[in-house]
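Listed below are the residues making up each chain.
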Amino acid sequence: MSNRIYSATGLVIFLFTFLLLIHQVPAKADSAYVDIAIPGTTRDIGTGEIYLEGGFTVNNGTGHYWAGQNYYTVDIATGAITSIGSPDSLMSNGAGDPFGMYDPISNAFYAATYADTGSSYVYKYDYSTGTWSDGYSAVNIYGGDFSGDSLYISGLRQPWSGGYDNTFISLFDFSGNGNHDALIEVGGASSYMAADSKGNIYYAPYSFTGTVLYMWTAEQIAGVTNDYYAGEEDTYLSLEDGQIISTLKGTSNGITVDDADNVFVSLNGFDLYTGGSAVVMWDGTISEEENYNIVATSVEGTYGWFGPLTVDGDFTEGGSLYGSFGWLNPITEITPEVSAVPVPGAVWFLGSGMLALAGLRKRSSKG
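Calculation notes
- Residues numbered from 1 in each chain as written.
- Predicted model: local features only at pLDDT ≥ 70, side-chain atom pairs only at ≥ 80, totals over all residues.
- Heavy atoms only, no water.
- Helix = DSSP H or I, 4+ residues; strand = E, 2+ residues; numbered from the N terminus.
- Buried < 20%, exposed > 50% of the residue type's maximum accessible area, 1.4 Å probe, protein only.
- Contact = heavy atoms within 4.5 Å.
- Areas by Shrake-Rupley, 256 points an atom, 1.4 Å probe, with all protein chains shown as cover.
- pLDDT = per-residue confidence, 0-100.
- Salt bridge = Lys/Arg side-chain N within 4 Å of Asp/Glu carboxyl O.
- Pairing = 2+ DSSP bridges.
- Axes fitted to C-alpha atoms, helices over the stretch in contact; angles between N-to-C directions.
- Polar contact = N/O pair within 3.5 Å; in protein donor to acceptor, adjacent residues only side chain to side chain.
- Phe/Tyr/Trp six-rings, centres within 6.5 Å; stacked < 30°, edge-to-face > 60°.

A. Up close: the overall build of the protein chain. For the protein chain, the helix and strand inventory stands at two helices and 28 strands. Within the protein chain, the fraction of its 367 residues that count as buried is 51%. For the protein chain, restricting intrachain contacts to residue pairs at least 6 apart in sequence, the fraction spanning at least 24 positions comes to 53%. Counting only carbon and sulfur atoms, one obtains 53% of the accessible surface of the protein chain, whose full area is about 16,500 Å².

B. Representation of the confidence of the model for the protein chain within the structure. With 83% of its residues at a pLDDT of 70 or more, the protein chain has an overall mean of 85. By mean pLDDT, the top-scoring element of the protein chain is strand β17 (residues 201-203) (98), and the lowest-scoring one is helix α1 (residues 2-24) (38). Contacts for the low-pLDDT stretch residues 1-28, under 50 throughout, to residues beyond four places or in other chains number one contact. Throughout residues 346-361 the model reports pLDDT below 50, and contacts reaching past four residues in sequence, or to other chains, amount to 35 contacts.

C. Fine view of the pattern of salt bridges. If you walk through the whole model with that rule in mind, you get three salt bridges. Between Arg157 and Asp234 there is a salt bridge, with the nearest N and O atoms lying 3.6 Å from each other. Taken together, the positions of Arg157 in the loop between β13 (150-156) and β14 (167-171) and Asp234 in the loop between α2 (218-223) and β19 (235-238) put the pair 77 residues apart, joining distant regions of the chain. The residue Lys198 makes a salt bridge to Asp261 at a minimum N-O spacing of 2.7 Å. Taken together, the positions of Lys198 in the loop between β16 (193-195) and β17 and Asp261 in the loop between β21 (251-257) and β22 (263-268) put the pair 63 residues apart, joining distant regions of the chain. Given a relative accessible area of 43%, Lys198 falls into the partly exposed group.

D. Structural context of the sheet that holds strand β1 (residues 34-36). Overall, antiparallel pairing links the five strands, which are arranged β1-β24-β23-β22-β21 in an open sheet. Each edge of the open sheet is held by one strand with a lone partner, namely β1 and β21. On average, each strand axis in the sheet is inclined to that of its neighbour by 25 degrees, with strand direction left out of account. In this sheet, strand β23 (residues 278-282) lies alongside β22 in antiparallel orientation, the contact comprising four bridges. Note that in β23 the partner of Phe264 across the bridge is Met281.

E. Summary view of the sheet that holds β17. In space, the four strands of this open sheet follow the order β16-β17-β18-β20, with antiparallel pairing throughout. Looking at strand neighbours, the two that pair on one side only are β16 and β20 (243-248), the edges of this open sheet. In this sheet, adjacent strand axes meet at a mean angle of 20 degrees when their direction is disregarded. Bridging between β17 and strand β18 (residues 211-216) involves three bridges; their strand directions are antiparallel. Residue Tyr203 lies in a different strand from β18, and its bridge partner there is Tyr214.

F. Region of interest: the pairing of β18. Judged by how many residues are buried, β18 sits mostly within the fold: six of six residues are covered. With five bridges connecting them, β18 and β20 associate as antiparallel partners. Looking at β20, one finds that Met215 is bridged to Gln243.

G. Quick look at the side chain of Asn253. Its place among the elements puts Asn253 in strand β21. Separated by 3.0 Å, the side chain of Asn253 and the backbone oxygen of Phe306 make a polar contact. Ignoring sequence-local partners within four residues, the contact set of Asn253 consists of Tyr142, Ser191, Tyr192, Ser266, Asn268, Trp305, Phe306 and Gly307.

H. Structural view of the packing of aromatic side chains. One pass over the full model with this rule turns up 20 aromatic pairs. Plain terms: the ring middles of Tyr142 and Tyr192 are 4.8 Å apart, the flat faces sit at 55 degrees to each other, and that makes the pair tilted. With Tyr142 in the loop between β11 (136-138) and β12 (143-147) and Tyr192 in the loop between β15 (181-185) and β16, this pair connects stretches of sequence that are 50 residues apart. Relative to Phe325, the ring of Phe306 lies with its centre 4.3 Å away and its plane at 50 degrees, an arrangement referred to as tilted. You can see Phe306 sitting in strand β25 (residues 306-312) and its partner Phe325 sitting in strand β26 (residues 320-325), a full 19 residues away along the chain.

I. The arrangement of unusual backbone geometry in detail. One non-glycine residue, Asn60, lies in the positive phi region at around 55 degrees. Relative to the elements of secondary structure, Asn60 occurs in the loop between β3 (57-59) and β4 (62-67). Here the phi dihedral of Asp261 falls at roughly 65 degrees; this positive angle occurs in a residue that is not glycine. Judged by its relative accessible area of 5%, Asp261 is buried.

J. View of the pairing of strand β8 (residues 108-116). The element β8 is extensively covered by neighbouring structure, given that seven of its nine residues are classed as buried. Sheet analysis places strand β7 (residues 100-103) next to β8, joined by four bridges and oriented antiparallel. Paired with Asp103 across the two strands is Ala108, which belongs to β8. Once β7 ends, the chain turns through four residues before running back antiparallel as β8, passing Asn107 with a positive phi of about 50 degrees. Here β8 runs beside strand β9 (residues 119-126); their pairing, made up of eight bridges, is antiparallel. Residue pairing across strands places Ala108 opposite Asp126, the latter belonging to β9. Joining the antiparallel neighbours β8 and β9 is a turn of two residues.

This is how it looks when you write it as structure tokens:
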């Protein structure tokens, strides 16, 4: 009799423990926007609560984004959202604010807004003081990225008038004088850009007929970084001065670099037959071939417009890639199984050798 009691008691304890473990392990929730192309998981964060309008940042488990003319953070693990507010003197037309990015070096959040076709403003939220700066003006800002304490931006340097002949990547001037240093004349419609930890810059021109991924070295960028206040002339590079490191399918959009300087690009119209989209990771090979591995694609049967990207950590070591896959959609997380991630080949042997490329042509700014 006692053995039966002990057996029944053990069974109850086993069932209770099993049910408790099931309750504590969250159910897998795949993203409604992307299918991962390598072993790993996807999930949407903030569905029905987060409505992304442009670029954003995820750093050390916290998402930072600008939406509805307000700054928010989100705990990636729990989904808890905190409103930080906005500047008192916000100048914006409320349409398509291009980016909201957190810089861990300065412990500050930067939001960019449009006021009209010829006026953009960057606002800085300083966590050490809990205050917003006044707006730093620029003609036009589409995207941006930090490398060290430098903010690089992409966009027009003259008010838009129907053409795209004045699109540049520039070094943002925080003096308040608006002397943003032109670095690369990229032309065409504006696209996002990225900078890695070494100061190399990556850009894929926006094109409906397929494009290429360019890289300019930190040495090239340093060679055209000018000091207006010392009376230097504004010189800059061109697309031809950049190294083509991969051909891309479809229309490029978002671009980001992880902690190990791996480069990711989002592409729309990636599949010419279905119109599908994709996120790809550059494989480290330098040529005019398609040098990338597919990380994720749009869900079969849908056409998600793949937008800005950001990454938290080293993707090849299990860091997560985050995307904005559709206007006013939530944050989507893509997390790989470490053993399944293709590790890019070493490419940094290039170093200053790339400076021989095209004789490092410099051009003078037209304004």
